[in-house]
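A structural walkthrough
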There are 2 protein chains.
Amino acid sequence: MTAYAELSAHFGRIAALSNAIGILHWDNDVMMPRGASPSRAESIALLHVMRHDLTTDGRIADWLDAANENDLDPWQQANVREIRRIFTVETALPSDLVSASSKATSICEMKWRQARAESDFASLLPYLEEVLRLQREIGQAKGEKLGLSPYDALLNDYEPGGRAEKIDALFDDLAAFLPGFLGEAVEAQAKRPQGPAPEGPFPVEAQRALGQRMMATLGYDFERGRLDVSTHPFCGGADNDVRITTRYDEADFSSALMGVLHETGHALYEQGRPAAYLDQPVSHARGMSLHESQSLLIEMQACRSREFILFAAPLMREAFGGEGAAWDAEAVWRRYTKVAPGFIRVDADEVTYPAHVILRYRLEKALIAGEMALADLPAAWSEGMRNLLGITPPSDRLGCLQDVHWPSGGWGYFPTYTLGAMTAAQIFDAAKLSQPDVLPGIARGDFAPLVTWLRENIHGKGSLLTTDELLTQATGRPLDPAVFKAHLRRRYVDEA
Amino acid sequence: MTAYAELSAHFGRIAALSNAIGILHWDNDVMMPRGASPSRAESIALLHVMRHDLTTDGRIADWLDAANENDLDPWQQANVREIRRIFTVETALPSDLVSASSKATSICEMKWRQARAESDFASLLPYLEEVLRLQREIGQAKGEKLGLSPYDALLNDYEPGGRAEKIDALFDDLAAFLPGFLGEAVEAQAKRPQGPAPEGPFPVEAQRALGQRMMATLGYDFERGRLDVSTHPFCGGADNDVRITTRYDEADFSSALMGVLHETGHALYEQGRPAAYLDQPVSHARGMSLHESQSLLIEMQACRSREFILFAAPLMREAFGGEGAAWDAEAVWRRYTKVAPGFIRVDADEVTYPAHVILRYRLEKALIAGEMALADLPAAWSEGMRNLLGITPPSDRLGCLQDVHWPSGGWGYFPTYTLGAMTAAQIFDAAKLSQPDVLPGIARGDFAPLVTWLRENIHGKGSLLTTDELLTQATGRPLDPAVFKAHLRRRYVDEA
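Under an unreviewed UniProt entry, the name given to chain A is Metal-dependent carboxypeptidase, and the source organism is Hansschlegelia quercus. The Function (unreviewed entry) field of the UniProt record for chain A holds the comment "Broad specificity carboxypetidase that releases amino acids sequentially from the C-terminus, including neutral, aromatic, polar and basic residues." Among the UniProt annotations of chain A, the heading Catalytic activity (unreviewed entry) holds the following wording: "Release of a C-terminal amino acid with broad specificity, except for -Pro."

1. Thoughts on the overall build of chain A
Each helix and strand counted, chain A has 20 helices and 3 strands in total. Against the globule reference of 23 Å for 496 residues, chain A gives a C-alpha radius of gyration of 23 Å, in line with a compact fold. In terms of its C-alpha atoms, chain A occupies a principal-axis envelope of roughly 70 × 50 × 50 Å. When each of the 496 residues of chain A is scored for burial, the buried share is 55%. Here chain A displays about 19,700 Å² of accessible surface, and carbon together with sulfur accounts for 52% of that area.

2. Considering the sheet that holds strand S1 (residues 227-229) of chain B
Residue and element names in this part refer to chain B. Spatial ordering of the open sheet is given by S1-S3-S2, a layout of 3 strands whose pairing is mixed. This sheet does not close on itself; its edge strands, each paired only once, are S1 and strand S2 (235-238). Each neighbouring strand pair of the sheet contributes to a mean axis angle of 35 degrees, computed without reference to strand direction. Bridge count for S1 against strand S3 (residues 241-246) is 3 bridges, and the pairing is parallel. Note that in S3 the partner of Leu 227 across the bridge is Ile 244.

3. Side note on the nonpolar core
Counting residues in hydrophobic clusters, the biggest one holds 286 residues, and the most contacted among them are Leu 47, Phe 308 and Leu 450 of chain A together with Leu 47, Phe 308 and Leu 450 of chain B. Among the domains, domain 1 (3-91) and domain 2 (120-196 + 273-496) of chain A are the pair contributing at least three residues each to this core. Ignoring any residue separated from it by four or fewer positions in sequence, one finds Leu 47 of chain B in contact with Leu 17, Ala 20 and Leu 47 of chain A together with Leu 17, Ala 20, Ile 21 and Leu 24 of chain B.

4. Quick word on the relation of the copies chain A and chain B
Mapping chain A onto chain B leaves a residual RMSD of 0.0 Å; the transformation is a rotation of 180 degrees accompanied by 0.1 Å of translation along its axis. Put plainly, the chains are arranged around a two-fold axis.

5. What to know about the pattern of salt bridges
All names here are of chain A. Under the criterion given, the structure shown has 72 salt bridges over all chains. With its nearest N and O atoms 2.5 Å apart, the salt bridge here joins Asp 157 to Lys 142. Note that Asp 157 is positioned in helix H7 (residues 150-158) and Lys 142 in helix H6 (residues 121-146), a separation of 15 residues in sequence. Under the relative-accessibility criterion, Asp 157 is labelled partly exposed at 37%.

6. Some words on the interface of chain A and chain B
Every contact between the two is made by 32 residues of chain A and, on the other side, 32 residues of chain B. Sorting the residues of chain A by area buried against chain B places Met 31, Pro 33 and Glu 223 of chain A first, and these three jointly supply 20% of that buried surface. The tally of links from chain A across to chain B stands at 6 salt bridges. Residue Arg 34 of chain B pairs with Glu 223 of chain A through a salt bridge whose shortest N-O separation is 2.8 Å. Here chain A and chain B share 14 residue pairs in polar contact (both at pLDDT 80 or more) between them.

7. Comments concerning the packing of helix H8 (residues 164-190) of chain A against helix H14 (residues 353-368) of chain A
Residues and elements named next belong to chain A. At a closest axis distance of 10 Å, the pairing of H8 and H14 adopts a crossing angle of 140 degrees. When the axis of H8 is compared with that of H14, the two are oblique. Crossing hand, H8 versus H14: left-handed. When H8 is examined against H14, the residues Ala 164, Ile 167, Asp 168, Phe 171, Asp 172, Leu 174, Ala 175 and Leu 178 are found in contact with a partner set consisting of Pro 354, Ala 355, Val 357, Ile 358, Tyr 361, Arg 362 and Lys 365.

8. A few points about the packing of helix H9 (residues 204-218) of chain A against helix H12 (residues 306-320) of chain A
Residue and element names in this part refer to chain A. Look at H9 against H12: their axes get within 10 Å of each other, and the N-to-C directions meet at 150 degrees. Accordingly, the angle class assigned to the pair H9 and H12 is roughly antiparallel. The crossing of H9 and H12 is right-handed. Side by side, H9 and H12 meet where Ala 206, Gln 207, Leu 210, Arg 213, Met 214 and Thr 217 of the first sit next to Phe 308, Phe 311, Ala 312, Leu 315, Met 316, Glu 318, Ala 319 and Phe 320 of the second. Here the contact of H9 with H12 is composed, by residue class, of 10 nonpolar, 2 polar and 2 charged.

9. What to know about the UniProt feature "binding site: Zn(2+)" (unreviewed entry) in chain A
All names here are of chain A. Taking the UniProt record as the reference, the feature "binding site: Zn(2+)" (unreviewed entry) is found at His 262, His 266 and Glu 292. Taken along the chain, the residues just named run across 31 residues; in space they keep tight, none of their C-alpha pairs more than 9.0 Å apart. Assignment of secondary structure puts His 262 in helix H10 (residues 253-271). Setting aside its immediate chain neighbours within four residues, His 262 contacts Glu 292, Ser 295, Leu 296 and Glu 299.

10. Remarks on unusual backbone geometry
If a residue is not glycine, its phi is most likely negative; likewise, a peptide bond is most likely trans. All names here are of chain A. For the peptide bond that leads from Gly 200 to Pro 201, omega is 0 degrees, which places it in the cis range. Despite not being glycine, Asn 240 has its phi angle at roughly 60 degrees, a positive value. Its location among the elements puts Asn 240 in the loop between strand S2 (235-238) and strand S3 (241-246).

11. Let's talk about the pairing of S3 of chain A
Residues and elements named next belong to chain A. Taken across its 6 residues, S3 has 6 buried, putting it largely inside the fold. Along S3, one buried face is formed by Asp 241, Arg 243 and Thr 245 and the opposite face, lined by Val 242, Ile 244 and Thr 246, is buried too. Relative to S3, S2 runs antiparallel, the two sharing 4 bridges. Considered in S3, the bridge of Ala 238 is made with Asp 241. Where S2 folds back onto S3 in an antiparallel hairpin, the turn is made up of 2 residues, including Asn 240, whose phi is positive at roughly 60 degrees.

12. Considering helix H2 (residues 37-55) of chain B
With 19 residues, H2 of chain B should reach 27 Å at 1.5 Å per residue; the first-to-last C-alpha distance of 27 Å fits that figure. Within H2 of chain B, the full set of buried residues consists of Ser 39, Arg 40, Ser 43, Ile 44, Leu 46, Leu 47, Met 50, His 52, Leu 54 and Thr 55 of chain B.

13. Thoughts on the sheet that holds S2 of chain A
Residues and elements named next belong to chain A. An order of S1-S3-S2 is seen for the 3 strands of this open sheet, with the pairing classed as mixed. Every interior strand has two partners, whereas the edge strands, strand S1 (227-229) and S2, have only one. Each strand axis lies, on average, 35 degrees off the axis of its neighbour in the sheet, ignoring direction.

14. Quick look at empty space enclosed by the protein
Across all of its chains, the model carries 7 cavities of 30 Å³ or more by this definition. In this structure, the largest cavity spans a volume of roughly 70 Å³. If you trace the largest cavity, you find it lined by Leu 124, Leu 128, Arg 360, Leu 377, Trp 381, Cys 400, Asp 403, Trp 406, Pro 407 and Phe 414 of chain A. Those elements giving two or more residues to the lining of the largest cavity turn out to be H6 and helix H15 (377-389) of chain A. Each residue belonging to the lining of the largest cavity can be placed in one class, and the counts come to 8 nonpolar, no polar and 2 charged. Surrounding the second largest cavity, Leu 24, Ala 36, Ser 39, Arg 40 and Ser 43 of chain A together with Asn 19, Ala 20, Ile 23, Ala 238, Asp 239 and Asp 241 of chain B form its lining. Taken together, the elements giving at least two residues each to the lining of the second largest cavity come down to helix H2 (37-55) of chain A together with helix H1 (3-30) of chain B.

Basis of the calculations
Residues numbered from 1 in each chain as written. Chains lettered and ligands numbered in written order. Predicted model: local features only at pLDDT ≥ 70, side-chain atom pairs only at ≥ 80, totals over all residues. Heavy atoms only, no water. UniProt positions renumbered as here; feature names shortened; annotations may be inferred. Helix = DSSP H or I, 4+ residues; strand = E, 2+ residues; numbered from the N terminus. Rg over C-alpha atoms; globule rule 2.2 N^0.38 Å. Buried < 20%, exposed > 50% of the residue type's maximum accessible area, 1.4 Å probe, protein only. Areas by Shrake-Rupley, 256 points an atom, 1.4 Å probe, with all protein chains shown as cover. Pairing = 2+ DSSP bridges. Axes fitted to C-alpha atoms, helices over the stretch in contact; angles between N-to-C directions. Core = buried A, V, L, I, M, F, W, Y, C linked by side-chain atoms within 4.5 Å. Domains from an automatic or database assignment. Contact = heavy atoms within 4.5 Å. Least-squares fit on C-alpha atoms with pLDDT ≥ 70 in both. Salt bridge = Lys/Arg side-chain N within 4 Å of Asp/Glu carboxyl O. Buried area = accessible area lost by both parts, 1.4 Å probe. Polar contact = N/O pair within 3.5 Å; in protein donor to acceptor, adjacent residues only side chain to side chain. Parallel < 35°, antiparallel > 145°, perpendicular 65-115°, else oblique. Left-handed = near helix turned anticlockwise from the far one by under 90°. Nonpolar A, V, L, I, M, F, W, Y, C, P; charged D, E, K, R; others polar. Expected span 1.5 Å × (residues − 1). 1 Å grid on protein atoms, 1.4 Å probe; cavity = no way out; pocket = protein on both sides within 12 Å on 5 of 7 lines; lining within 4 Å. Points joined across faces, edges and corners; volume = space filled by probe spheres on them.

Below is the structure:
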């Protein structure tokens, strides 16, 4: 076997193991009876250790040295590059640091659930201090190996090639734009009447059927996935088995439906990865900002467009036997584009969401750099909310305790949400320009023009290119916040 | 760490891996979308290899040598004995034989599906020859290491300590009894009128609710398990996560219900294994004959008793809004104890089932010993059916092609079904004798007297004792076919 064939076979085994881990996680959140929780944690931890052992196998270095680039096609070359990247990152950490961090985040996440319920930041502080200390150590260890600052090294795990310096510029631009624009949007909406929402109950079965119909419309492949229920909606599973979840509220069908559309966006990316390399690193989604761009492109760009609502409103009415003006397309569209500042990120609309993210990004960067004490977090959070959204959370539960990311060790993840939103706007614009039938198609419930373009230009590229290269090939330029701002102005002011 | 602590930690990891495999198998049969099939096969095969590697780890031999029996309590001593047994069996096979057998059975199972559908034994023959050849080799390799004949070595995987010599005696006794007794039973039933079955449809939701109610009545713990749907009912999952499945037929609710009761019997065994050793080999169910005894004890001994039907018939009537004499307890009981020879093992009643098993046992023993050519199987099958049940299958689909066991490499498994049926009768008798409230309890829907006794005398013993020791402790003697024969006579002739 050639060195490349050895690498490929080895990472094929890693993929088979990752698929097993993915299904066990899905089952954990969707199917598992409560009493199995400790045993399941053992199984998942063991498979993670086994995967770490495979990914840091010393033979990988030899195979990488021996792989002859000249014998490889561009996909194989990119695969070698991705394997080298993964190997470098994985071998950067001593295994006792991995294990210490894993334990600290397990405990902290448990403490966080209680602290959030009781809005008691002080009780979380010592555990979060420990997680932060270890994250700094991880950032430092990876950073030294990669020549990056600790924060950039953490960010790099979610967004390969991402740099705080670039994000600072993009987010400063957006932070300067948002507060003023929010005022304009709220003013524009005040001028148009917003009727009452339709009244439920909306039976779960009808919601599920509507969601599945929308998934099929979007091109989701049910032969390689499922739709189920979990407390927190997610897209997970395995290669050729991309499963999404939602949760149903019989008083409001929109939250489940929008959740389904969002997760379907993620799933289309996963189902569209290059089939010929599906068990190889080069097939992986390029990074979390592109991943989030695909969910937001579907949920926010495509499915909150007037065109989509024209197609979907009659189906909603039909699904629930609705009557009256609340089901008219324009009324539905207005509800789905309502803007209002709020305390909770996951409930935020498209205009205010970036403010939540910018706040978290700035805070976590300062915390990792040691420029801010964790004890000062609640005060800094409140000040940030006032500056960005003009509101002050009445409690830490509605403030710095709302998200699981920090307690669970997900430092460096937050910026990808808003990078994703900006990327989504830019990609959707490019798709519409390249395929004039994208919006007319959506209006008649035909997503083929859009999804075919995405398959070709985004999903099917896997990790062949860097994020910047991919975006430049697909849209003609690197990430440009002007496109996102123009989208917001068009939807929330000009055409409101 | 002591050598015993090392062993225990190592086998704890093996348990965590086995739990992962169990959930992946469950998902494969219950949840997985079709397109994921090849990827899933890769994942499961990889985890099997990893488990084999862990179970044959050379350090186990050192730890076994170093473990000092004097420092261990009886449970730990039994655990060491079980570990030694597993290690000996697992290391008996060269890994290329394991891999060759795994490939041959995969292919043969696939060919079997088509051969069965087309009733074409000739098309299966070459693939089944290869499976048989490898099974002989496996039996020989294990047998040499264990000092057993090839067939006993295969049997030993399912029934540790089981020996063909003993089974021959038990089955010859039963085979001499059955044909005559079958005539008596059929004659006794001809004398009593059997009314028509109630007419459906019986909605799946009502069937599921009734099944869950019965599971709860039996003491099944839903905090550590689930009930779902699959093509072939089974009990699987993981430690603390014992899941059962059934399949629903809206024209006949009894098949799903009896399936649920049967699998609940298996699940009670698994849920009742000794909690303190749940991740250690000593906690495992003792063998397949005891496992089958627990499913048949619940389904056949307890839940086809007149006492149970007195309790259950009104619940069935209520579940489906039934009316008329078909729902009377005596009518229900007669339907559930109907006896008639048939071609298909899985559809067989309690009286004719052993004939199906004895036939297969005799054939597979002769095939493994090389005393019979595989090409002669269809003729030998027909002859056996005529001798044992007085009927001749019109096709191989209804004959030697009906079961997956041989194509999938499950040689030596069949006898455990009927050993289980005999064991069930003997254990149920002992339980009734020891706890006079067992049958009165069942009549009022209270299984606590029975299940408490089973927990203490069977389930909670794990693999502490041999099957013979366990049965002798629980019932006063080793397996005695007289008890099963007396049960059949009582139910199908004396009290029919």
